[in-house]
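# Close look at the chain arrangement
Here is how the chains run, residue by residue.
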Amino acid sequence: MSDLRLFLEAVPDPRSRRGRWYSLTSILLVCAAAAVSGARTIDELAEWGARADAGLLATLGVRRHLLRRRSLATSNCCWDFSDCGWLYVYSLMIDELEVEAGPLARWQVHWCDPRRELSWYAADPLLAGLPTLAEWAHAHGTQSGQPVLLRADGWSVPEVNGFFASARMRNASAGTRRKYAFAVAVWLGFLDAAGRAWHDADEEDVAGFKFWRMTDEANVRRVAGGTVLDDLVAISAFYRWAGSRFGVSDPVARRQVPGPDPGTSTESFEAGPHIVRGKDVKWLDPAGYARWVDVGLRGLDLRGQEIDGWRGRNSQRDCAFVDGLYGTGLRLSEWASVLRLELPADDETRTYYTCRLSAACAKGGRGRRFWMPRSVLADVLAYEEGERAAAVRRAQRACRYERLPRLLLVERRTRNRRLEMRDTDGRQVAASLDSLDPGARKRLFRRTAAGLEPLAIWLNEDGLPREAHGWQHTFDTGNERVARAGLTSFEANAHMMRHSFALRWYSVGRLLYERQVAHLNAEEVRDFRARFGDTWYLVKTLLGHADVTTTMDTYLEPFRDLDVSLLIEHAHGFALSALMASMFAGHPQVLSDPLAGQPS
């Protein structure tokens, strides 16, 4: 064995140095020992590894008995790390790694890319006759973008990765898979720090987790109640899936609480924060929004002049994107998924355009109409002619698009929102725009005289479609610039734009509604409201909420009893910006221009 080890140590390791947990020599020694024992297939290698004792594996260079088989009650889970052959193949399939930062940053979230091409894979004699990565993924039901959780030392929990390979998570949206993956990763890190195994966790652990996430001063990255509630949803979903399969109980206890209608009840988490969003939500009025964009994204100082050394490589793109969030009220993932061919044609006579959000890109799969101001469309078109066009040219010169796998070339759009396309093999494909999720949309291209061009609006500097979560960096960077300018406690985020959109239209709606019913008596007002709804239903429609109570209780709860007379009193002679600045002056949750009223 020592002679073989010397020989195998000379085999070059083609893997990236990042994310390795076993040496290539150890993996090959395990495979060789299994082959000497008669194993001829990957499954037989796995069986040999499952039966091997810890001492033998330690001799081969495997410090922990990670190859011990744990039975998973799902045929779709390809992440059973008892399979030592698959352990190596899996390491080749990992394309992206993200780590949850913080003191418990021990669990890492990987994203599987079965389409990853490795030129040397088929030519490697050690892998001769084995299935390709794509064939492995197809056989085990692995999807592109499937999360895989590994601890920094290489330890895994097959049950957790089995959950993310389950039918439930395969059918979930990419955003849900991402949110659940990071929530469970933080939970596992907390349990490690507490010295608890995942299958022994109980209600006390959940209570401690909530305290650490929200209150513990030792945690330098405490979060708000809404994030903790999202964590509890993900953790409970995993344990409920694992309950019948592995005999574990859900540590996230539930209780019955009164429902929205009289005589009804609903379930709530015992450890759920009492106030999830009420005091966490912030709004920007028009003046505050303009100040944040100028300082955070446009590179202007507090006097409105460009700061020294401002590069602004992506300021046109970032301003257009954030203006779209503020102007349309779409969620970040929804606005990030809109395609060029879904933009309306520019019309100077219009101030707003009625657009359609595809079902596959909307929250809950509910496609709907949304309204785009002409100013937002003008910003997007300017970005397309400027920074975006430059990024596309750079990618075309580098032949970057031709190397993309599974590209779809759009040839025609029909009148019923269907696309006729060809794949890389020349086969014709047709699909409805409503069925194309954000991941599929990144693969859509068209051919121009200059070459291939993506149909996605928002691109990175390399010309490739921008991931939705990449916009969080835009807001983080903008907030850092604002803080450096001396404006403290004046931060913004993507969902804050949606809340601010709701507040703006709520103000307009209340004003218009009062004018409509000013001449009616109380009974007539009730009849009018029953027939046509009130301001809440206007904002609900604009935001695309399924239930008006979400609009009332989450987005605008502090303003449910806003005095209408105050609106009417300030309505005459005020532009909307001045009206809202006057209405919400001094309100602790509405951020206005910090420099308003100061001499320029």
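Residues numbered from 1 in each chain as written. Predicted model: local features only at pLDDT ≥ 70, side-chain atom pairs only at ≥ 80, totals over all residues. Heavy atoms only, no water.

## Considerations on the overall build of the chain
The helix and strand inventory of the chain stands at 23 helices and 14 strands. Across the 600 residues of the chain, 48% fall into the buried class. For the chain, restricting intrachain contacts to residue pairs at least 6 apart in sequence, the fraction spanning at least 24 positions comes to 62%. Accessible surface, the chain as shown: approximately 29800 Å² in total, 49% of it carbon and sulfur. (Helix = DSSP H or I, 4+ residues; strand = E, 2+ residues; numbered from the N terminus. Buried < 20%, exposed > 50% of the residue type's maximum accessible area, 1.4 Å probe, protein only. Contact = heavy atoms within 4.5 Å. Areas by Shrake-Rupley, 256 points an atom, 1.4 Å probe, with all protein chains shown as cover.)

## Comments concerning the pairing of strand S11 (residues 428-432)
Relative to S11, strand S10 (residues 418-422) is paired through 5 bridges, and the arrangement is antiparallel. Each bridged residue has a counterpart across the sheet, and for Arg418 the counterpart in S11 is Ser432. Joining the antiparallel neighbours S10 and S11 is a turn of 5 residues, in which Gly426 adopts a positive phi near 85 degrees. (Pairing = 2+ DSSP bridges.)

## Description of the packing of helix H10 (residues 203-214) against helix H11 (residues 225-246)
Between H10 and H11, the shortest axis-to-axis distance is 10 Å and the interhelical angle comes to 150 degrees. Relative to H11, H10 is oriented so that their crossing is right-handed. Across from Val206, Phe209, Lys210, Arg213 and Met214 in H10, the residues of H11 making contact are Gly225, Thr227, Val228, Asp231, Leu232 and Ile235. Broken down by class, the residue content of the contact of H10 with H11 amounts to 6 nonpolar, 2 polar and 3 charged. (Axes fitted to C-alpha atoms, helices over the stretch in contact; angles between N-to-C directions. Left-handed = near helix turned anticlockwise from the far one by under 90°. Nonpolar A, V, L, I, M, F, W, Y, C, P; charged D, E, K, R; others polar.)

## Points about helix H13 (residues 315-328)
Along its 14 residues, H13 runs 20 Å from first to last C-alpha, staying within 8% of the 20 Å computed at 1.5 Å per residue. With 13 of 14 residues buried, H13 lies mostly within the body of the structure. In the segment just after H13, Gly329 is the residue with positive phi, at about 75 degrees. (Expected span 1.5 Å × (residues − 1).)

## Some points on the environment of Tyr326
Positionally, Tyr326 belongs in helix H13. Through-space distance from the C-alpha of Tyr326 to that of Arg504 is 9.7 Å; in sequence the pair is 178 residues apart. For Tyr326, the residues in contact, after removing those within four places along its chain, are Leu284, Asp285, Pro286, Tyr289, Met497, Ser500, Phe501 and Arg504.

## Some details on the nonpolar core
Among the nonpolar cores identified, the biggest contains 51 residues, and Leu284, Trp292, Phe321, Trp335, Met372, Trp458 and Met497 are the most heavily contacted of them. Mapped onto this core, the elements with two or more residues apiece are helix H12 (286-296), H13, helix H14 (332-336), strand S7 (352-357), strand S8 (368-373), helix H15 (374-397), helix H17 (471-484) and helix H18 (494-517). Setting aside residues up to four positions removed in sequence, Trp335 forms contacts with Ala320, Phe321, Gly324, Leu325, Leu330, Met372, Val376, Val380 and Trp458. (Core = buried A, V, L, I, M, F, W, Y, C linked by side-chain atoms within 4.5 Å.)

## Regarding unusual backbone geometry
We note that Cys399 has phi near 55 degrees; this positive angle belongs to a residue other than glycine. Looking at where Cys399 falls in the secondary structure, it is placed in the loop between H15 and strand S9 (408-413). Cys399 gets classed as partly exposed once you look at its relative accessible area, which sits at 39%. A positive phi angle, close to 65 degrees, is found at Arg417, a residue other than glycine. In this structure, Arg417 sits in the loop between S9 and S10. Judged by relative accessible area, Arg417 falls into the buried class, the value being 16%.

## Some details on the packing of aromatic side chains
Within the structure shown, the criterion is met by 23 aromatic pairs. Taken together, a centroid distance of 3.7 Å and an interplanar angle of 5 degrees make the contact between Phe321 and Trp471 stacked. On the criterion of sequence distance, the pair formed by Phe321 in helix H13 and Trp471 in helix H17 is long-range, its members being 150 residues apart. For the pair formed by Phe321 and Trp471, the shared burial category is buried. Cluster of aromatic residues (ring-pair linked, three or more members): Phe163, Phe164, Trp187, Phe190, Trp198, Phe209, Trp212, Phe238, Tyr239, Trp241 and Phe246. Here the basic side chain of Arg466 rests over the ring of Trp471, its NZ or CZ set 4.5 Å away from the ring centre. (Phe/Tyr/Trp six-rings, centres within 6.5 Å; stacked < 30°, edge-to-face > 60°. Lys NZ or Arg CZ within 6 Å of the ring centre and 35° of its normal.)

## Notes on the pairing of strand S3 (residues 147-151)
Within S3, 5 of the 5 residues are buried, which leaves the element mostly enclosed by the surrounding structure. Residue alternation in S3 divides its side chains into two sets, Pro147, Leu149 and Arg151 and Val148 and Leu150, and both sets are buried.

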